Amino acid sequence: MADNLPSEFDVIVIGTGLPESIIAAACSRSGQRVLHVDSRSYYGGNWASFSFSGLLSWLKEHQENSDIVNECPAWQEKIHENEEAIALSRTDKTIQHVEVFCYACQDLHEDVEEAGALQKNHASVTSVNCTEAADSACLPVEDESLRTTSCEIPAEQTPSSDPERALEVNDVQVTGEKENCCDDNTCVPSTAEKETSENVPVAEDTAEQPKKNRITYSQIIKEGRRFNIDLVSKVPCSRADVFNSKQLTMVEKRMLMKFLTFCMEYEEHPDEYKAYEEITFSEYLKTQKLTPNLQYFVLHSMAMTSETGSSTIDGLKATKNFLHSLGRYGNTPFLFPLYGQGELPQCFCRMCAVFGGIYCLRHSVQCLVVDKESGKCKAIIDQYGQRIISKHFLVEDSYLSENTCAHVQYRQISRAILITDRSVLKTDSDQQISILTVPAEEPGTFAVRVIELCSSTMTCMKGSYLVHLTCTSSKTAREDLEPVVQKLFTPYTETEIENEEIEKPRLLWGLYFNMRDSSDVNRNTYNDLPSNVYVCSGPDCALGNDNAVKQAEALFQQICPNEDFCPPPPNPEDIILDGDSLQPEASESSALPEASSETPKESSNLRNPEEPSK
């Protein structure tokens, strides 16, 4: 039971984000005794993925800002005279400025629940009736059908956000009200495919079905388990076919080939870039006899960074990494995890558990116990008042208290999650994953990355698309991202139901929020942390998970300096079970019959389940 854990471990990990989960798996794999706890009820922290109802519950939790568990009132009494305590935070303050908008018909006149859901915990959202459409976007899209697509949007003036278009959600609660919307005959849910899924509701009288079917809010609720919505958007699957692009002339393609050849081996020619190390990669590209079109392609399609986001060295490394990744898994340098980003931390948690790690969700830690004499952390005290001793402690940044983080300056990430009715890119296939980069339009703002996922990624229901927008924050998430949303999408309104010539995808539901970015925080800025307490950061704004993996490997090497970092599992044929080597002098002929009966032999050597582990 969680309230009766072993009293001693080698490593205690607090938080189940991606860096913590990787480190826990690596430590367990190297033979360390690992305890991995999280006060949340789900794995992943800010790396998690949710069904639609799960996301609404997450919104309710953050907007109420309620504590997850009750505090043990007597933990202070368990601190000895030669010890001091570092209290941990009991509220998650990494999410701010949460705003939710619902444009789809909110026909919740019936008791609609998510199919297969264990409990109903829906959050009410703001109903929006928008009749004005944003200006059309200029999208450089190829005509050919693509399974995966990479695209960038040139900067242009966008309309300012209308504060009366939607209201911020101030109170989240269970609701069953029927909104003023269309009747049952008008709200006909459908999918984009000709065939209909068995779980998708269909109108009884299809003869009166309008030409343009609609997806309603109740359908999104009912099909909510088909959604796997990431809090952080990472690693899209993108097609790298720059040389097939009709936007590049033959001369430009030759220039590009010459530059990319240099990027593949730039480390062998330091004289080519040494003089430009102090400037940005964008400025460096201007010195390389590349046309503005090529500079744009390299910066946003290959290095995938902004004009001010990386140095020359960082840009060259990113471009080389992009090129080295091509061809490994098809015609793309990227992989996207089915069912969302949240599966990745869980995979490493499973690996840790396989090698003996112990896991406890909904299990909070009250404080770290520090020995005054040595200055090192020696134990934790959990929510039950149990003292658990360990040699090393890893803590996710969000668990540190305000006192510990008093001198830390955090950056913020602006995030938007949208549900739309069709793809931004006009292609013959409706099963694709797309990435778009919208350059910054004003000084002091940042480029916006748009990742669009189709239902084949198992992240949304059929007939819909899940869109993630991400950028480094300059203002609130809505202020940063709404101009891009208005440029790419049209709000889903009743008046457009008969209009089949909608130029842009229609927006069904949207969420804006700011997330703390602790990836660049120097450890020395935290107050009075013992040397054996290691801090893991949350998600950053970068495209992939490189920062999380590098951080995990660096911290693991501090904990286990002489061990390999996540070595591959042994070949099953090389595993020797108890008793396999008792007769090493057996002749080769006598070993042949044993080899033909491998399964019985292995089963006879397995330990009795009732015997204690050694």
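For the structure itself, consult the block above.
Let me begin by describing the structure that accompanies this report. (Residues numbered from 1 in each chain as written. Predicted model: local features only at pLDDT ≥ 70, side-chain atom pairs only at ≥ 80, totals over all residues. Heavy atoms only, no water.)

### Topic: the packing of aromatic side chains
We apply this condition: Between rings of Phe, Tyr and Trp, where Trp is taken as its six-membered ring, a pair exists when centres lie within 6.5 Å; planes separated by under 30 degrees are stacked, by over 60 edge-to-face, and by other angles tilted. Numbered from the N terminus, helices here are DSSP runs of H or I no shorter than four residues, and strands are runs of E no shorter than two. Burial classification: accessible surface area is computed with a 1.4 Å probe over protein chains only, and a residue below 20% of its type maximum counts as buried, one above 50% as exposed, and the rest as partly exposed. In this scheme, Lys NZ or Arg CZ marks a charge over a ring once it lies within 6 Å of the ring centre and within 35 degrees of the ring normal.
As enumerated under the stated definition, the model contains 11 aromatic pairs in all. Aromatic side chains Trp-58 and Phe-513 sit 5.6 Å apart centroid to centroid with 65° between the ring planes, which places their arrangement in the edge-to-face category. With a gap of 455 residues between them, Trp-58 in helix α2 (residues 52–64) and Phe-513 in strand β19 (residues 506–517) connect regions that are remote in the sequence. Residue Trp-58 shares its accessibility class with Phe-513, and that shared class is buried. Judged by centre distance (5.7 Å) and plane angle (80°), the rings of Phe-101 and Tyr-512 are edge-to-face. On the criterion of sequence distance, the pair formed by Phe-101 in strand β5 (residues 95–102) and Tyr-512 in strand β19 is long-range, its members being 411 residues apart. With a relative accessible area of 1%, Phe-101 lands in the buried category. One aromatic cluster in this structure is built from Tyr-42, Phe-50, Trp-58 and Phe-513. Seen from the ring of Tyr-410, Arg-516 lies directly overhead, with NZ or CZ sitting 4.1 Å from the centre.

### Notes on helix α7 (residues 312–325)
Worth spelling out the cut-off: Multiply 1.5 Å by the residue count of a helix minus one, and that product is the helix's expected span. The contact definition used throughout considers only heavy atoms, calling two residues in contact when any of these lie within 4.5 Å.
Helix length check: α7, at 14 residues, gives a terminal C-alpha distance of 20 Å against a target of 20 Å (1.5 Å per residue), a fit within 8%. Those residues of α7 that fall on the buried side of the exposure criterion are Thr-312, Ile-313, Gly-315, Leu-316, Thr-319, Lys-320, Phe-322, Leu-323 and Ser-325. In the core, the buried residues of α7 are packed alongside α4 (250–264), α5 (281–285) and α6 (292–302). Taken from the residues just after α7, Gly-327 is the one with a positive phi, measuring 85°.

### Points about the packing of α6 against α7
Where we set the bar: To obtain an axis, a line is fitted to C-alpha atoms, over the contacting stretch when the element is a helix, and the angle between two such axes runs from 0 to 180 degrees between their N-to-C directions. We call two directions roughly parallel when the angle between them is under 35 degrees, roughly antiparallel when it is over 145, roughly perpendicular when it lies between 65 and 115, and oblique otherwise. All amino acids are sorted into three groups, where Ala, Val, Leu, Ile, Met, Phe, Trp, Tyr, Cys and Pro are nonpolar, Asp, Glu, Lys and Arg are charged, and the leftover types, Gly among them, are polar.
Between α6 and α7, the least distance of the axes is 10 Å, while the angle of their chain directions is 70°. Between α6 and α7, the angle falls in the class roughly perpendicular. The segment α6 lies against α7, with Val-298, Ser-301 and Met-302 engaging Ala-318, Thr-319 and Phe-322. Among the residues forming the contact of α6 with α7, the class breakdown is 4 nonpolar, 2 polar and no charged.

### Focus: the pattern of salt bridges
When their charged atoms lie close together, side chains carrying opposite charge are able to pair. Note the following rule: We count a salt bridge whenever a side-chain nitrogen from Lys or Arg sits within 4 Å of a carboxyl oxygen from Asp or Glu.
Inspection of the entire model under this criterion finds 18 salt bridges. In this structure, Glu-277 engages Lys-274 in a salt bridge whose closest nitrogen and oxygen atoms are separated by 3.3 Å. The residue Asp-371 makes a salt bridge to Lys-378 at a minimum N-O spacing of 4.0 Å. A network of salt bridges, in which partner residues are shared, links Glu-83, Asp-371, Lys-378 and Arg-387.

### Section: the packing of α4 against α7
For any two helices packed against each other, one specifies the inter-axial angle together with the distance between the axes. Where α4 meets α7, the closest approach of the two axes is 9 Å, and the angle between their N-to-C directions is 100°. The angle between the axes of α4 and α7 places the two elements in the roughly perpendicular class. Residues Leu-260, Phe-262, Cys-263 and Met-264 of α4 touch α7, and the partners they reach there are Leu-316, Thr-319, Lys-320, Leu-323 and His-324. For the contact of α4 with α7, the per-class residue count stands at 6 nonpolar, 2 polar and 1 charged.

### Considering unusual backbone geometry
Positioned with a positive phi, Lys-289 is a non-glycine residue whose angle comes to about 55°. Secondary-structure assignment places Lys-289 in the loop between α5 and α6. Judged by relative accessible area, which is 74%, Lys-289 ranks as exposed. Here the phi dihedral of Tyr-339 falls at roughly 70°; this positive angle occurs in a residue that is not glycine. Its place among the elements puts Tyr-339 in the loop between α7 and α8 (343–354).

### Things to note about α6
Most of α6 sits inside the fold, with 8 of its 11 residues counted as buried. For α6, the complete set of buried residues consists of Leu-294, Gln-295, Phe-297, Val-298, Leu-299, His-300, Ser-301 and Met-302. The positive-phi residue at the C-terminal boundary of α6 is Met-304, with phi of around 55°.

### Examining the pairing of strand β15 (residues 433–438)
Put simply, side chains in a regular strand alternate between the two faces of the sheet. In plain terms, the rule: Two strands are said to pair when DSSP picks up at least two bridges between them.
With 6 of 6 residues buried, β15 lies mostly within the body of the structure. By the alternation rule, side chains of β15 split into Ile-433, Ile-435 and Thr-437 and Ser-434, Leu-436 and Val-438, which are all buried. One ladder, built from 5 bridges, connects β15 with strand β16 (residues 448–453); its direction is antiparallel. Looking across to β16, one finds that Ile-435 is bridged to Ile-451.

### Some words on the sheet that holds strand β9 (residues 358–361)
One open sheet holds the 5 strands; their spatial order is β9-β2-β1-β13-β20, and the pairing between them is parallel. At either margin of the open sheet sits one strand with a lone partner, and together these are β9 and β20 (533–536). If you compare each strand with its neighbour and ignore which way they point, the axes differ by 15° on average. Here strand β13 (residues 392–396) pairs with β20 via 4 bridges, running parallel. The partner of Phe-393 across the bridge, within β20, is Val-533. Each of β1 (11–14), β2 (34–38), β9, β13 and β20 touches helix α1 (residues 18–29); the most contacted strand, β2, lies at about 160° to it. Taken strand by strand, helix α10 (residues 546–559) contacts β1, β13 and β20, and its axis lies near 175° from that of β20.

### Details of the side chain of Asp-38
For clarity, the cut-off: Under this definition, polar contacts are N or O atom pairs within 3.5 Å; protein pairs additionally need one hydrogen-donor-capable and one acceptor-capable atom, and for neighbouring residues in sequence, both atoms have to be side-chain atoms.
If you trace the backbone, Asp-38 turns up in strand β2. Accessibility expressed as a relative area gives 0% for Asp-38, which makes it buried. Here the side chain of Asp-38 touches Thr-16 through a polar contact of 2.6 Å, side chain to side chain.

### Overview of the sheet that holds strand β12 (residues 387–389)
The strand order β4-β10-β11-β12 describes an open sheet built from 4 strands, whose pairing is antiparallel. Both edges of this open sheet fall to β4 (83–87) and β12, since each of them pairs with a single strand only. With direction set aside, neighbouring strand axes in the sheet form an average angle of 30°. Relative to strand β11 (residues 377–382), strand β10 (residues 365–371) runs antiparallel, the two being bridged by 5 bridges. Bridged to Val-365 within β11 is Asp-382.

### Here's the deal with a nonpolar patch on the surface
Our working rule: Each patch groups residues whose relative accessible area exceeds 30% and which form no salt bridge, using 9 Å between like charges and 5 Å between nonpolar side chains of Val, Leu, Ile, Met, Phe, Trp and Tyr. Note on areas: Shrake-Rupley with a 1.4 Å probe; residue coverage comes only from the protein chains shown.
Taken together, the side chains of Leu-338, Tyr-339 and Met-458 define a hydrophobic patch exposed on the protein surface, amounting to about 280 Å² of accessible area. Overall, the relative accessible area of 40% leaves Tyr-339 in the partly exposed class.

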